[in-house]
Every structure is written in C-alpha cells, then in structure tokens.
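Examination of the molecular architecture
The lines below spell out each chain.
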Amino acid sequence: SYVQVALKVTVPSYIEVPVEALVLKDAKDFIPVINSSHTVTYRSVILADNDGQHVKVLSGLSQGEMVALNLGNSLDEGSPVQPIMSSSTTTTAAPK
C-alpha cells in the first residue's frame, strides 16, 4: 500500500542580482547600491542562494535599487560613480 501526499509550500520571492554585484568585506556579504546622487553605498545583505551566476537576496536590498557590478574593494563608501546602463536590467558603474 502507499499514500499520496500533496504539500503546499509558500516560497518567498527574492531579489536576484548578478553575482558580479557581490562584494565580500571582513567575511560579510555586501552589495554596492548607487543612490540618486550617484555615489556608492555598500549595503550589508543576507543571501538566500548563490548559484555562481546570480545571488538571491533575502534582506538588505529593495526592489528597484540600482546596484553596481564588478567593484570589489576598488571604491570607498560614498565614492562618486557614473552609472552605465547595460542592455539588461542591471547597471555597471565607472568611477568618476
């Protein structure tokens, strides 16, 4: 004999960004956010998943915020940048 079971699981929606946005500082995860004055703020984030191409952000980032890619530790907090919109929905930033 057997039993057929159906489970309803609510899966939270995550904000997904390219892994190139991820910055590690002191063994903590950060994502550089570009604010309206075009300066960088390193936002501490909690990740739900990292598949090597994209990271799913559990907390610390809001939908619609502009993030910078490939910064690493090259820019200090508050550094001015010039956003460059790519063909996808992500943004790269070049130092001013």
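A quick note: this is a predicted structure, and the numbers were derived from the prediction, not measured.

Moving on: the overall build of the protein. On a plain count of helices and strands, the protein comes out with zero helices and nine strands. Reading the protein from its N terminus to its C terminus gives the helix and strand order β-β-β-β-β-β-β-β-β. With 96 residues in all, the protein has 30% of them scored as buried. Across the protein, every contact between residues at least 6 apart in sequence was considered, and the portion connecting residues at least 24 apart equals 51%. A total accessible area of about 6600 Å² is found for the protein, and carbon and sulfur atoms account for 51% of it.

In space, the three strands of this open sheet follow the order β1-β6-β5, with antiparallel pairing throughout. Here the strands that pair on one side only, and so sit at the sheet edges, are β1 (15-18) and β5 (46-50). Taking the axes of each pair of neighbouring strands and ignoring which way they run, one obtains an average angle of 35 degrees across the sheet. Of the strand pairs in this sheet, β1 and strand β6 (residues 54-59) are connected by four bridges, and their pairing is antiparallel. By the bridge assignment, I15 is partnered in β6 with V57.

Cut-offs applied
Every residue gets a number counted from 1 within its own chain, in the order that chain's sequence is written. pLDDT decides what is reported in this predicted model: residues at 70 or higher carry local features, side-chain atom pairs at 80 or more are listed and counted, and totals for whole chains, interfaces and linings draw on all residues regardless. Excluded from the side-chain calculations are hydrogens and water; all other atoms, namely the structure's heavy atoms, are used. For helices the rule is a DSSP run of H or I covering at least 4 residues; for strands it is a run of E covering at least 2, with both sets numbered from the N terminus onward. The cut-offs for exposure are 20% and 50% of the maximum accessible area for each residue type, with area from a 1.4 Å probe on protein chains only; residues under the lower value are buried, those over the upper are exposed, and the others partly exposed. In this analysis, two residues are considered to be in contact whenever any of their non-hydrogen atoms come within 4.5 Å of each other. The Shrake-Rupley method, run with a 1.4 Å probe, gives the accessible areas here. Residue values count only the displayed protein chains as cover. We call two strands paired when DSSP finds no fewer than two bridges between them. Inter-axis angles, ranging from 0 to 180 degrees, are taken between N-to-C directions of lines fitted to C-alpha atoms, where helices are fitted over the stretch in contact.

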